[in-house]
Amino acid sequence: MRFSRRLIVTRVATATAAVLLGTLKSASPFATEASPTEHLIEIQRFKFVPDILSVRPGDTVTWINRDIAPHTATAADKSWDTGDIKKGDRKSVLVTNGFTAAYFCRFHPVMRATLPFKR
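Residues numbered from 1 in each chain as written. Predicted model: local features only at pLDDT ≥ 70, side-chain atom pairs only at ≥ 80, totals over all residues. Heavy atoms only, no water.

Here we look at the overall build of the chain
Secondary structure summary: the chain contains one helix and seven strands in total. Starting at the N terminus, the α and β elements of the chain follow one another as α-β-β-β-β-β-β-β. For the chain, the residues scored as buried account for 28% of the 119 residues in total. Restricting to contacts in the chain with at least 6 residues of sequence separation, those with at least 24 account for 50%. (Helix = DSSP H or I, 4+ residues; strand = E, 2+ residues; numbered from the N terminus. Buried < 20%, exposed > 50% of the residue type's maximum accessible area, 1.4 Å probe, protein only. Contact = heavy atoms within 4.5 Å.)

Here you go:
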């Protein structure tokens, strides 16, 4: 079977356009749903780093303890808690609607941070 040059150019152009449109569609600033994200917060020198981190429902927040002392990440209203996080350990929490943003360490109450919702 023999293809004409015109047919080949048309098919290549069509395929290229389809790929480009798919790429543009996925990068659209008007997308309504963002994919869930996993965020990492390090505990070091008796601080949560970062101490303010914007999240969305469906995101997962993971704390890793880089200090010698154990810590927790506990909601200000105690609605969620990682439990004890020992040196080198990680603990995670799933962000849900109604999630309490302000949190602290039960062992060291001066350690405070927030997880506000992204707008």
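Considering the side chain of D59
Looking at where D59 falls in the secondary structure, it is placed in the loop between β2 (47-49) and β3 (60-65). In terms of polar contacts, D59 uses its side chain to reach the side chain of H39, at 2.9 Å. A polar atom in the side chain of D59 sits 2.9 Å from the backbone nitrogen of R56. Contacts of D59, omitting those with residues within four sequence positions, involve S35, P36, T37, H39, V93, L94 and V95. (Polar contact = N/O pair within 3.5 Å; in protein donor to acceptor, adjacent residues only side chain to side chain.)

Description of the sheet that holds strand β5 (residues 90-94)
Strand order in the open sheet formed by four strands is β2-β1-β3-β5, with mixed pairing between adjacent strands. Each edge of the sheet is formed by a strand with only one pairing partner; in this case those strands are β2 and β5. Pairwise comparison of adjacent strand axes, ignoring direction, gives a mean angle of 25° for this sheet. The pairing of strand β1 (residues 38-44) with β3 spans six bridges and is classified as parallel. By the bridge assignment, H39 is partnered in β3 with V61. (Pairing = 2+ DSSP bridges. Axes fitted to C-alpha atoms, helices over the stretch in contact; angles between N-to-C directions.)

Focus on the pattern of salt bridges
Under the criterion given, the structure shown has three salt bridges. Across the pair E42 and R66 runs a salt bridge whose closest N-O atoms are separated by 2.5 Å. Of this pair, E42 sits in strand β1 while R66 sits in the loop between β3 and β4 (74-75), and the two are 24 residues apart along the sequence. Taking relative accessible area as the criterion, E42 reaches 23% and is therefore assigned partly exposed. Note on R66: relative accessible area 44%, which makes it partly exposed. Across the pair D84 and R106 runs a salt bridge whose closest N-O atoms are separated by 3.6 Å. (Salt bridge = Lys/Arg side-chain N within 4 Å of Asp/Glu carboxyl O.)

Things to note about the pairing of β3
Judged by how many residues are buried, β3 sits mostly within the fold: five of six residues are covered. Taken together, the five bridges between β3 and β5 define a ladder with antiparallel strand orientation. Note that in β5 the partner of T62 across the bridge is S92.

What about the sheet that holds strand β7 (residues 112-114)?
Spatial strand order, β4-β6-β7: three strands in an open sheet with antiparallel pairing. Every interior strand has two partners, whereas the edge strands, β4 and β7, have only one. In the sheet, β4 pairs with strand β6 (residues 102-104) via two bridges, with the strands oriented antiparallel. The residue of β6 that forms the bridge with A75 is Y103.

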